[in-house]
Amino acid sequence: MNNMKQEVLRLLENIITSKDNPVIKLYQKLSSSKKERIQYGLFVLEGLRITEDALRDGHVSELIFTENAYGKYSAQLFQADLKDTRTIVISNELGNRIASTSTTQGVFAICRIPVQKTPVFSENGKYIVLYGLQDCGNVGMIIRTADALGMNGIILSGSCDLYSPKVIRSTMGSVFRTNIFIENDTEKLFSMLESNKVTTSASVINGDESVTDCEFSGKQAVFVGNEGNGLPADVSERCDRRVTIPMNGSINSLNVAMASGILMWEMCR
């Protein structure tokens, strides 16, 4: 208990106020630049709930509170194992400066990017391939939906940066609970799926089969494509089949996050 009180006093006596502090400068670099995230192997978080998820999984290297947030949330977050995590307190003004939301909770983190594992395709595994998606909100929402439906994995190929703050925020913590793989080489991607005997489906507007009539037994992966252009024809043709979401009236396409939700629901039901 005495050690905890001493730590609290130390933090509150050394509140960081300068925008030139090395941790603050690093946070801002990581927040704005994919190149910096790759170089350092780090990414950033903002918000109480997602920081809790990251602490639970041991990803956090720097835990950052504003003065106000420290009084509100430190006891809650300190329940996690913080042996590999450094904690600092910054001024409320500095917190507003680095925040990416207009009403920040004042809880931030710098996290280690996990080392990518070799994908393991389970016997009846269900996977979604995000091919060429560029909208961070869509990618985050699909990851969140995949988590909710119990998908076995998500593969990003040629899509936006998984560790961009907008993607991470949109996942609402699901990024720490799902199996996510990145393979930007199309040849390697198909080779990996074929060698693991994964049946592949391309989501297209005018496919050969309605997704509601498809059999999704065994290992399955559905490809969804870019928000504006869909899947390239050569990628669609390489898949084992082309599937369509049947729609009523004159509408023939959906937002990719909405379409992905329907496809994943059909795969998992």
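Scroll up to find the structure.
Residues numbered from 1 in each chain as written. Predicted model: local features only at pLDDT ≥ 70, side-chain atom pairs only at ≥ 80, totals over all residues. Heavy atoms only, no water.

Peer 1: I keep staring at the sheet that holds strand 7 (residues 180–182) and nothing clicks. Help me out?
Peer 2: Sheet strands line up and pair through hydrogen bonds in the backbone, either parallel or antiparallel. Across the sheet, seven strands lie side by side as 7-6-5-10-8-11-9; this open sheet has parallel pairing. One side of each edge strand has no neighbouring strand; the edge strands of this open sheet are strand 7 and strand 9 (209–210). Bridging between strand 5 (residues 126–131) and strand 6 (residues 153–157) involves five bridges; their strand directions are parallel. Counterpart to Y131 in the pairing with strand 6 is S157. (Pairing = 2+ DSSP bridges. Helix = DSSP H or I, 4+ residues; strand = E, 2+ residues; numbered from the N terminus.)

Peer 1: Would you take a moment to explain empty space enclosed by the protein for this structure?
Peer 2: Gaps left between atoms are located by rolling a probe of water-molecule size over the structure's atoms. Tallied over the full model, the rule gives one cavity of 30 Å³ or more. In this structure, the largest cavity encloses a volume near 80 Å³. In this structure, the largest cavity is lined by Y27, S31, V44, L45, E46, I50, I98, S100, P165, I168 and R169. Among the elements of the structure, helix 2 (22–32), strand 1 (42–46) and helix 8 (165–171) are those that each provide at least two residues to the lining of the largest cavity. Across the lining of the largest cavity, the residue classes break down as seven nonpolar, two polar and two charged. (1 Å grid on protein atoms, 1.4 Å probe; cavity = no way out; pocket = protein on both sides within 12 Å on 5 of 7 lines; lining within 4 Å. Points joined across faces, edges and corners; volume = space filled by probe spheres on them. Nonpolar A, V, L, I, M, F, W, Y, C, P; charged D, E, K, R; others polar.)

Peer 1: What am I meant to see in helix 11 (residues 256–268) here?
Peer 2: In an α-helix there are 3.6 residues to a turn, and that puts residues three or four apart on one side. In this model, helix 11 (13 residues) spans 18 Å end to end at C-alpha, consistent with the 18 Å of a helix rising 1.5 Å per residue. Where helix 11 is concerned, the buried positions are V256, A257, A259, S260, G261, L263, M264, E266 and M267. Each element contacted by the buried residues of helix 11 is listed here: strand 5, helix 7 (136–149), strand 8 (199–203), strand 10 (220–224) and strand 11 (241–244). (Expected span 1.5 Å × (residues − 1). Buried < 20%, exposed > 50% of the residue type's maximum accessible area, 1.4 Å probe, protein only. Contact = heavy atoms within 4.5 Å.)

Peer 1: Please clarify how the environment of I38 should be interpreted in this entry.
Peer 2: Residue placement: I38 occurs in helix 3 (residues 34–40). Here I38 falls in the exposed class, since its relative accessible area comes to 61%. Note: C-alpha distance between I38 and S236 (198 residues apart in sequence) is 30 Å.

Peer 1: Please explain helix 4 (residues 48–56) as it appears in this structure.
Peer 2: Looking at helix 4, one finds that the buried residues are L48, I50, T51, D53, A54 and L55. Elements in contact with the buried residues of helix 4: strand 1, strand 2 (60–66), helix 5 (67–77), strand 4 (107–112) and helix 8. Two residues or fewer past helix 4, G58 is found with a positive phi of approximately 75°.

So yeah, pure geometry; function would need other evidence.
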